[in-house]
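Notes for the structure review
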Amino acid sequence: MKEILKRIVNIIEDKKGEQTVVLDISEISSLADYFVISSANNINQLQAISDDLQELLEKEGLKINKVEGAKNSSWVLLDFTDIVIHLFTKEDRIFYNLERIWADAIQVEL
């Protein structure tokens, strides 16, 4: 699983995503095992990251359960069952402050 998480972070960084955090939420949530949070500079960048992540994870055999956040939205949530990825524009990331909500989670070092 850590190898897939590394690839996720690499794609985000290659597309100029910023402040990526990987949290292990398996002990505190039944929703997923890992939660990835990252920021993009603008909506176009956000969509490019989302598209590339969906393509990579489907190639890895992870079936996407749900995508939230419509095209041209300032956030996107990708639910792959064990891994949930939430991408925001910088402003929305500050507004939603998910790191505070998941403060009890363990940050994963990759």
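Analysis parameters
Note that residues are indexed from 1 along each chain, following the sequence as it is written. Restriction of local features to residues with pLDDT of at least 70 applies here, the model being predicted, together with a cutoff of 80 or more for giving and counting side-chain atom pairs; totals for whole chains, interfaces and linings are based on all residues. Calculated side-chain values reflect all of the structure's heavy atoms, with hydrogen atoms and water omitted. The helix and strand labels rest on DSSP assignments: H or I over at least four residues marks a helix, E over at least two residues marks a strand, and numbering proceeds from the N terminus. Any two residues whose heavy atoms approach within 4.5 Å are treated as being in contact. Buried residues are those whose accessible area, probed at 1.4 Å on protein chains only, stays under 20% of the maximum for their type, while exposed residues exceed 50% and partly exposed ones sit between those limits. DSSP bridges decide pairing: two strands pair if at least two such bridges lie between them. The pocket and cavity definitions rest on a 1 Å grid over protein atoms only: a 1.4 Å probe that fits but cannot leave marks a cavity, an open set with protein on both sides within 12 Å along at least five of seven lines marks a pocket, and residues lining either have an atom within 4 Å of a point. Grid points are joined across faces, edges and corners, and a volume is the space filled by probe spheres set on the points. All amino acids are sorted into three groups, where Ala, Val, Leu, Ile, Met, Phe, Trp, Tyr, Cys and Pro are nonpolar, Asp, Glu, Lys and Arg are charged, and the leftover types, Gly among them, are polar. Contacts described as polar in this section are N or O atom pairs within 3.5 Å, which, within protein, must combine one atom able to donate a hydrogen with one able to accept it, while residues neighboring in sequence count only if both atoms come from side chains.

1. What about the environment of Ile43?
As for its position among the elements, Ile43 is in helix α2 (residues 43-59). Sequence separation between Ile43 and Phe88 is 45 residues; the distance between their C-alpha atoms is 8.5 Å. Ignoring anything within four residues of it in the chain, the contact list for Ile43 reads Asn72, Ser73, Ser74 and Thr89.

2. What to know about the pairing of strand β2 (residues 34-40)
Two faces belong to every sheet, and in a regular strand the side chains alternate between them. For β2, the buried fraction is high: seven of the seven residues fall into the buried class. Side chains of β2 alternate between two faces, with Tyr34, Val36, Ser38 and Ala40 and Phe35, Ile37 and Ser39 buried alike. In this sheet, β2 lies alongside strand β1 (residues 18-24) in antiparallel orientation, the contact comprising five bridges. In the sheet register, Val22 faces β2, and the bridge partner there is Val36. As paired strands, β2 and strand β5 (residues 83-89) are joined by seven bridges and run parallel to one another. Across the sheet, residue Ser38 finds its bridge partner in β5, namely Leu87.

3. With respect to the environment of Asp82
Note that Asp82 resides in the loop between β4 (75-79) and β5. Sequence spacing of Asp82 and Val9 is 73 residues, and the spatial spacing of their C-alpha atoms is 16 Å. With sequence-adjacent residues up to four places away left out, Asp82 is seen in contact with Met1, Ala32, Asp33 and Tyr34.

4. Considerations on the layout of surface pockets
Quantified by volume, the largest pocket comes out at close to 150 Å³. Taken together, Ile25, Leu31, Ala32, Phe35, Leu77, Asp79, Val84, His86, Leu98 and Trp102 make up the full set of residues lining the largest pocket. Residue assignment for the lining of the largest pocket shows that the elements contributing at least two residues are β4 and β5. The class makeup of the residues in the lining of the largest pocket is eight nonpolar, one polar and one charged.

5. Description of unusual backbone geometry
Even without a glycine there, the phi angle at Gln19 is positive, about 55°. Along the chain, the position of Gln19 falls in strand β1. Accessibility expressed as a relative area gives 57% for Gln19, which makes it exposed. In this structure, Asn97 takes a positive phi of about 45° despite not being glycine. In this structure, Asn97 sits in the loop between α3 (90-96) and α4 (98-101).

6. Quick notes on the side chain of Ser73
Considering the arrangement of structural elements, one finds Ser73 in the loop between β3 (66-68) and β4. Assessed through its relative accessible area of 15%, Ser73 is described here as buried. Among the polar contacts listed, one links the side chain of Ser73 to the backbone oxygen of Trp75, at a separation of 3.1 Å. For Ser73, the contacting residues outside a window of four places in its chain are Ile43 and Leu46.

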